[in-house]
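A look at the structure
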Amino acid sequence: MASGIKDKVVIAGMGCSRFGERWSCGPDDLMVEAFDEAIGDAGLERDRIEAAWLGVFFDEQSTGKSSLPMSMALRLPNIPTTRVENLCATGTEALRGAVYAVAAGACDIALAMGVEKLKDTGFGGLPERTKGTFEDLYLPSSTAPGAFAQLASAYAERYKITMPELKRAMAHISCKSHENATRNPKAHLRNRITEQQVLDAPAVSYPLGVLDCCGVSDGAACAIVTTPAIARSLGKRDLVSVQALQLAPSNGVEMGHQSWDGTHTLTTPLAAQRAYREAGILNPREQIDLIEVHDCFSITELVLMEDLGLSDLGRAPHDVLDGRYDRDGSIPCQIDGGLKCFGHPIGATGLRMAYEIYLQLLGRAGDRQLRARSGRGPSIGLTHNLGGIPNRNIASVSILGLLAA
Amino acid sequence: MAWASPPVRKQILGTRAVANWDEDALTMGVEAARSCLGPSSGEPQRELDPQSLLFCSTTSPFADRDSAVVLNAALGFADSVETLNLASSLRAGTGGLIAAARRVGTRTLIVASDARPTRAGSPQELTYGDAAAAMLVGPSSPAALAAIVAVHSVGSDFVDHYRMSGAGFDYALEERWVRDESLTTLVPKAVAELLSAAGCGSESVRHFAVAAGAATAKRIADACGLGSARRNETVLNDCGDAGAALPLLLLSAALEDAQPGELILLAGIGQGVDAILLQAHAGVSNRDPVLARTLARRREEPSYVRYLSHRGLLDVDFGMRAERDQRTAHSVAYRKRRALTGFTGGRCRRCGTVQFPPSRLCVNPECRAADTQAPYRLADSGGRVKTFTEDWQAYAARPPYVYGNIEFAEGGNLLMEITDIDSGELQVNDAVRFVFRIKDEDRARGFRRYFWKATKA
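Residues numbered from 1 in each chain as written. Chains lettered and ligands numbered in written order. Predicted model: local features only at pLDDT ≥ 70, side-chain atom pairs only at ≥ 80, totals over all residues. Heavy atoms only, no water.

Some words on helix H6 (residues 175–198) of chain B
Turn by turn, an α-helix covers 3.6 residues, leaving residues three or four places apart pointing in a common direction. Residue and element names in this part refer to chain B. For clarity, the threshold we go by: Consider a residue and the seven residues that end there alongside the seven that start there; fitting an axis to each set, the bend is the angle between those axes. By the criteria applied, helices consist of DSSP H or I runs no shorter than four residues and strands consist of E runs no shorter than two, each listed in order from the N terminus. Exposed residues in this analysis have more than 50% of their type's maximum accessible area, buried residues have under 20%, and partly exposed residues fall in between, with area computed by a 1.4 Å probe over protein chains only. Working rule for contacts: check all heavy atoms of both residues, and any pair within 4.5 Å makes them a contact.
Helix geometry: H6 is bent most strongly at Leu-183, by close to 35°. Along H6, the residues classified as buried are Val-178, Arg-179, Ser-182, Leu-183, Leu-186, Val-187, Pro-188, Ala-190, Val-191, Leu-194 and Leu-195. Its buried side turned inward, H6 meets strand S5 (146–155), strand S8 (205–210), helix H7 (214–224), strand S9 (263–269) and strand S10 (272–280). Backbone geometry just after H6 places Gly-199 at a positive phi near 70°.

Concerning the interface of chain B and chain A
Condition: Two parts placed together each lose some accessible area; with a 1.4 Å probe, that loss summed over both constitutes the buried area. For this analysis, a salt bridge means a side-chain nitrogen from Lys or Arg found within 4 Å of a carboxyl oxygen belonging to Asp or Glu. Polar contact is defined as a pair of N or O atoms within 3.5 Å, subject to the rule that within protein one atom must be able to donate a hydrogen and the other to accept it, and that residues adjacent in sequence are counted only when both atoms are side-chain atoms.
Listed per partner, the contact involves 44 residues of chain B and 43 residues of chain A. Carbon and sulfur atoms supply 58% of the area buried between chain B and chain A, which totals about 3700 Å² over both sides. When the area that chain B buries against chain A is broken down by residue, the three leading residues are Arg-321, Arg-324 and Leu-415 of chain B, summing to 18%. Where chain B packs against chain A, one counts 2 salt bridges. The shortest N-O distance in the salt bridge between Glu-128 of chain A and Arg-321 of chain B comes to 3.4 Å. The tally of links from chain B across to chain A stands at 22 residue pairs in polar contact (both at pLDDT 80 or more).

Description of unusual backbone geometry
Of note, the amide linkage connecting Tyr-206 of chain A to Pro-207 of chain A takes the cis form, showing an omega dihedral of 0°. Assignment of secondary structure puts Pro-207 of chain A in the loop between strand S5 (203–205) and strand S6 (208–209). Pro-400 of chain B follows Pro-399 of chain B through a cis peptide bond whose omega is 0°. The phi torsion at Ser-66 of chain A lies on the positive side, around 75°, for a residue other than glycine. Within the fold, Ser-66 of chain A resides in the loop between strand S2 (51–55) and helix H2 (68–73). For Ser-66 of chain A, a relative accessible area of 30% translates into the label partly exposed. One non-glycine residue with positive phi stands out, namely Leu-87 of chain A, at about 55°. Within the secondary structure, Leu-87 of chain A is located in the loop between strand S3 (81–84) and helix H3 (90–103). The class for Leu-87 of chain A is buried, based on a relative accessible area of 16%.

Things to note about the pattern of salt bridges
Residues and elements named next belong to chain B. A complete count under the given rule lists 58 salt bridges over all chains for this structure. Note that Lys-453 is salt-bridged to Glu-417, the shortest N-O span being 2.9 Å. Taken together, the positions of Lys-453 in strand S19 (residues 447–456) and Glu-417 in strand S17 (residues 413–417) put the pair 36 residues apart, joining distant regions of the chain. We classify Lys-453 as buried; its relative accessible area is 2%. One salt-bridge network, held together by shared partners, links Asp-22, Glu-23, Glu-417, Asp-420, Arg-437 and Lys-453.

A word on the packing of aromatic side chains
Stated precisely, the cut-off is as follows: Only Phe, Tyr and Trp rings take part, Trp by its six-membered ring, and two of them pair if their centres are within 6.5 Å. Stacked means planes under 30 degrees apart, edge-to-face means over 60, and tilted covers everything else.
The tally for this structure, following the rule as stated, stands at 23 aromatic pairs over all chains. Judged by centre distance (5.7 Å) and plane angle (20°), the ring pair of Tyr-206 of chain A and Phe-388 of chain B falls under stacked. Here the residue Tyr-206 of chain A occupies a position in the loop between S5 and S6, and Phe-388 of chain B occupies one in the loop between strand S14 (382–385) and strand S15 (389–391), the pair thus bridging two chains. Overall, Tyr-206 of chain A belongs to the partly exposed group, its relative accessible area being 31%. Accessibility expressed as a relative area gives 4% for Phe-388 of chain B, which makes it buried. A ring pair is formed by Phe-343 of chain B and Phe-408 of chain B, whose centres lie 6.1 Å apart and whose planes are at 70°; its orientation type is edge-to-face.

Topic: the nonpolar core
Short version of the rule: The term nonpolar core refers to a set of buried residues drawn from Ala, Val, Leu, Ile, Met, Phe, Trp, Tyr and Cys, joined through side-chain atoms within 4.5 Å.
Grouped together as the largest cluster of nonpolar side chains are 63 residues, with contacts concentrated most on Phe-343, Phe-356, Phe-434 and Trp-452 of chain B. No other element matches helix H2 (residues 25–37) of chain B, which puts 6 residues into this core. Of all hydrophobic cores here, the second largest spans 49 residues; its members include Ile-288, Val-303, Leu-304 and Met-353 of chain A.

So, the environment of Gly-387 of chain A
Residue and element names in this part refer to chain A. Within the fold, Gly-387 resides in strand S10 (residues 380–389). Under the relative-accessibility criterion, Gly-387 is labelled buried at 0%. Put simply, Gly-387 and Gly-209 are 178 residues apart on the chain and 21 Å apart in space, counted from C-alpha to C-alpha. Among residues more than four places away in sequence, those in contact with Gly-387 are Asn-86, Leu-87, Cys-88, Ala-89, Arg-392, Asn-393 and Ile-394.

Brief notes about the packing of H3 of chain A against helix H15 (residues 346–361) of chain A
Residue and element names in this part refer to chain A. Definition in use: In this analysis, axes come from line fits to C-alpha atoms, helices being fitted only over the stretch in contact, and the angle between any two N-to-C directions falls in the range 0 to 180 degrees. Here the term charged refers only to Asp, Glu, Lys and Arg, the term nonpolar to Ala, Val, Leu, Ile, Met, Phe, Trp, Tyr, Cys and Pro, and the term polar to all other amino acids, Gly among them.
Contact pair H3 / H15: the axes reach a minimum separation of 5 Å and the direction vectors enclose 65°. Here Thr-90, Gly-91, Thr-92 and Leu-95 of H3 lie close against H15, whose contacting residues are Ile-346, Gly-347, Gly-350 and Leu-351. Split into classes, the residues belonging to the contact of H3 with H15 amount to 3 nonpolar, 5 polar and no charged.

Take it as geometry only, folks, not as evidence of what the structure does.
Rendered as structure tokens:
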């Protein structure tokens, strides 16, 4: 009988490149930058890694297909490598592969690498892509902001909140993330912004303005995972373990059935509930110390607070404006600046989130370091990704925590 | 455009019908046919469905790809319907009507449609219009609007205007020459032959519908002895000269004006004359004024520059997003043709759930049964807006690109483009209906593809 992933695998080391418009770097440079930090952090040699997972989404815009780009960039010694892709949950999917391999006892030490080079397309914004040979014949050619913006019109209607009120809560979310990123040298955007600037920003897709949307950037992040015993043999004392790793993909209901009302993601609650169960968390609002969620757009983060069970239905705007998710609130969200300030190099994002949780749990987050209510450091963090669009997506939730001694 | 040519200045006040960027002769034909027939069940031939379908146009989007077949599929009719295309003449519509009349005992749907390209600053830019008209012709019935009494057709290679295949625009010759040398001799001669064959005098004709501009129409009428017959002016004033569709629009206007028993004389003109004598029947008394309603339901296009862009007369830089490759996987388009052209989804026989596209496994999370869906046509259904956005970033011929989740009346959901809409006009819960429109164009390979869109009901 399966018992879940909790505490079977720990993180030996992590690395994260600087995110941004890295004009002088290709995907191989980004992978090397993240990997060098991770190897140094883990304190082991490259050749001790026995298997590796590469997450990259827009391969046609950067690396090309298969896992070979990673094997070649890092000169791995012909170990088994796998490329994975699950839309914006790709980074977490890479972590999942590496973690499961170690938990299964198939190998001792595995690497999860996520990378994305989005700035070689020649223009701002995400590149156009096919949605499938059949899908292209009947679906609108929606953009990411356009798809997520729709949450707002439905949410405002269902909870009878005016659009200006909703936009104020959305603006608060963006400002909060920017404030957090002023303390993060790896973030792409590190400037403070005001709520009025967000409200006045040029329209992108009603009701989202430019400052409600995360940017397009390049980056890589990676994790080296192993068993608790091996980690201790490397001299590690405080260990960050994987306590839950759950996915919930759409199966067509949101796209084609009337039961979905368009105000939330159907999948995130499912992934979250499974993750809380796997990690043994009974009261997420009390037990989770910090969260990194998929704030591709401000409205997405707002809705996710409810989908993760951290705000009651219809109450997220109030809780957001009340500061619950600010740096000094009870559940800091995007303490590193989030997608809003890092941008969204798709393959890397899930691992960048894990990187911040990892640093926070080990007390290595510098100016951004959080203290839990008890006065000690945080001990449990949650990452969430939403790959795709509200109609059709994959939600991933991971929970990382300090391994009890 | 008044700065460019003095004759244009004289006609500066007026209205003409302009197709939206996502309309062409085929899509307008579908809309006219649906308006004529009412909802189709999508089931194989019902009693009153047409047995034959004629698509009549001088501006069919494809020189070689059967538009009548596409039209038939968009209407949800069976493949067994006989489909014909009439082209290359402004008498394509009246020719279709005559052909249908000669096929006694057959129900024929005639769809005449033209979206007429015009050069910037040309007289035609102001006088042409884009429109479609559809008429169902068949055996006598109590609901019939009119009967065709007599027909007389004559050809004459009088090149008043022309357009070579592949050319963009018509080339028109001097109006006075056309009027004096051809129309005011050719039409009266044809009308005289027609009335003689029918055994009635010109004074018995109550309505005269002739496909010509107002001033010329008056001259023709006088020359035919039909000066006192009623002539409709709204079609040309509010719509314009809609090519192959014009005679049928004029006939439609006459039928909305006629009393039972009255005679209507229709003259289609295009290198010849199709003269058709009709008698209004009892059905005109409770005739649905669809033409008047259609003319009233117009949207104003305030921007001449945007109009030029939509007609392909102005090459606007829409940015790199517009470079996207719109290649069609034709084997997929064929495999899914009923869903795509006929907007036909599935209805699960086990749980009743309506869904689009149809699938092997039912989308209802409580059901998910395999291979239980019967075809279910959604084109004539309706829905409401569940979510929407106005996307200024996406490539659109007419920004913003508006799309949203549409919940069908009978259940089910689909993310759809919303058309004939401008920023600020849409709200959640708005009622919508569905229309057949151009989805996009593959400029690299020269292929236009179609799908259904939502529009405010």
